[in-house]
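Now for the letters of each chain:
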Amino acid sequence: KAGVTQTPRYLIKTRGQQVTLSCSPISGHRSVSWYQQTPGQGLQFLFEYFSETQRNKGNFPGRFSGRQFSNSRSEMNVSTLELGDSALYLCASSLVGTGASWGYEQYFGPGTRLTVT
Amino acid sequence: DAKTTQPPSMDCAEGRAANLPCNHSTISGNEYVYWYRQIHSQGPQYIIHGLKNNETNEMASLIITEDRKSSTLILPHATLRDTAVYYCIAQGGFGNEKLTFGTGTRLTIIP
């Protein structure tokens, strides 16, 4: 079974521009989460989508947004890029079910390394 | 999610068992203990998780104390490829898929 894929793998943008990152989860996984990793702040949760709905959100400004499509693929968008947005952006998918069930592991993609100049 | 505490770094000789401790004294009853690792510049990799019973898979064993306030991840025969940052995370509840990563333990396997 193919793993989580993220595109592009590397990206260089200029301050003020916007960027869209894409994530394809493992087949059958309906939950997709996004994380930002920087040397200073470590791994931080951005948001999570399940069945096309944002279910959890981290403490990031509104410039960070995302969406999920009916096939569970997800995109995240960062508008008005700042130098501090330079980071590794990671996507993870999970086979979370419905009803009162949890305890599912998350599988991470290789990440998109964004550099803002 | 409960806060977890891990030693910042550990060394282990190749071929020996690596025992990584984690303290999660404020863990609540519905929170699982998860372990992930991150090899340099790669995405985190899931290792194992458990609720209250000890767990074992092909990668590692997880020992959770009876009061659930701490746990130990055991890599039975460490290899150089096990050099990574290991994260212990307490997370749970349906609809709460957020993983709160701390600073983890940097494990170095010594040849």
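Now for a quick tour of the structure. Given the structure is predicted, the values throughout are model-derived calculations rather than measurements.

Each helix and strand counted, chain A has 0 helices and 11 strands in total. Taking 13 Å as the expected radius of gyration for a compact globule of 117 residues, we find that chain A reaches 14 Å, a close match to that expectation. Residue burial in chain A is summarised as follows: out of 117 residues, 50% are buried. Long-range contacts, defined here as pairs at least 24 residues apart, represent 55% of the contacts in chain A between residues at least 6 apart. Element-wise, carbon and sulfur atoms account for 49% of the exposed surface of chain A, whose accessible area totals about 5500 Å². Between the mean site of the 11 positive side-chain charges and the mean site of the 6 negative ones, chain A shows a separation of 4 Å.

The gaps of empty space that remain are located by a probe, the size of a water molecule, rolled over the atoms. Its volume calculated, the largest pocket comes out at about 810 Å³. Taken together, 34 residues form the lining of the largest pocket, with Gln37, Thr38, Gly42 and Leu43 of chain A together with Tyr87 of chain B sitting closest to its centre. Breaking the lining of the largest pocket down by element, the ones donating at least two residues are strand E4 (31-38), strand E5 (42-50) and strand E9 (87-94) of chain A together with strand E8 (84-92) and strand E9 (105-110) of chain B. Counting residues per element, the lining of the largest pocket draws most heavily on E5 of chain A, which supplies 4 residues.

If you walk across this open sheet you meet the 4 strands as E2-E7-E6-E5 (chain B), and the pairing is antiparallel. Looking at strand neighbours, the two that pair on one side only are strand E2 (18-23) and strand E5 (55-56) of chain B, the edges of this open sheet.

Residue and element names in this part refer to chain A. This structure, assessed with the given rule, holds 6 salt bridges over all chains. In this structure, Glu48 engages Arg55 in a salt bridge whose closest nitrogen and oxygen atoms are separated by 2.7 Å. Between Arg63 and Asp85 there is a salt bridge; the shortest N-O distance is 2.8 Å. Highlighted residues: Arg63 in the loop between strand E6 (53-57) and strand E7 (64-68) and Asp85 in the loop between strand E8 (74-78) and E9, separated in sequence by 22 residues. Residue class for Arg63 comes out buried when judged on its relative accessible area of 16%.

Here the focus is the nonpolar core. Core analysis: the biggest nonpolar cluster contains 22 residues, and Trp35, Leu73, Tyr86 and Leu107 of chain B have the highest contact counts within it. Among the secondary structure elements, those contributing two or more residues to this core are E2, strand E3 (31-38), strand E4 (45-50), strand E6 (61-64), strand E7 (70-75), E8 and E9 of chain B. For this core, the element with the most residues is E8 of chain B, which contributes 4 residues. Among residues more than four places away in sequence, those in contact with Leu73 of chain B are Ala18, Asn19, Leu20, Trp35, Ile47, Ile48, Ala60, Ser61 and Tyr86 of chain B. Leu21, Cys23, Val32 and Val116 of chain A belong to the second largest nonpolar core, which has 21 residues in total.

Before going further, it helps to spend a moment on the state of the cysteines. One pass over the structure, following the stated rule, counts 2 disulfides over all chains. Paired by a disulfide, Cys23 of chain A and Cys91 of chain A hold their sulfur atoms 1.7 Å apart. An S-S torsion of about -50° defines the bridge between Cys23 of chain A and Cys91 of chain A as left-handed. With Cys23 of chain A in strand E3 (residues 19-24) and Cys91 of chain A in strand E9, this pair connects stretches of sequence that are 68 residues apart. Note on accessibility: Cys23 of chain A and Cys91 of chain A belong to one class, buried. Paired through a disulfide, Cys22 of chain B and Cys88 of chain B show a sulfur-sulfur distance of 2.0 Å. Of note, the bridge from Cys22 of chain B to Cys88 of chain B carries an S-S torsion of about -80° and is left-handed in sense. One end of the pair, Cys22 of chain B, is in strand E2; the other, Cys88 of chain B, is in strand E8, and 66 residues separate them in sequence. The exposure class of Cys22 of chain B is buried, given its relative accessible area of 3%.

The rules behind each value
- Residues numbered from 1 in each chain as written.
- Chains lettered and ligands numbered in written order.
- Predicted model: local features only at pLDDT ≥ 70, side-chain atom pairs only at ≥ 80, totals over all residues.
- Heavy atoms only, no water.
- Helix = DSSP H or I, 4+ residues; strand = E, 2+ residues; numbered from the N terminus.
- Rg over C-alpha atoms; globule rule 2.2 N^0.38 Å.
- Buried < 20%, exposed > 50% of the residue type's maximum accessible area, 1.4 Å probe, protein only.
- Contact = heavy atoms within 4.5 Å.
- Areas by Shrake-Rupley, 256 points an atom, 1.4 Å probe, with all protein chains shown as cover.
- Lys, Arg positive; Asp, Glu negative; His and termini not counted.
- Charge placed at Lys NZ, Arg CZ, Asp CG, Glu CD.
- 1 Å grid on protein atoms, 1.4 Å probe; cavity = no way out; pocket = protein on both sides within 12 Å on 5 of 7 lines; lining within 4 Å.
- Points joined across faces, edges and corners; volume = space filled by probe spheres on them.
- Pairing = 2+ DSSP bridges.
- Salt bridge = Lys/Arg side-chain N within 4 Å of Asp/Glu carboxyl O.
- Core = buried A, V, L, I, M, F, W, Y, C linked by side-chain atoms within 4.5 Å.
- Disulfide = S-S within 2.5 Å.

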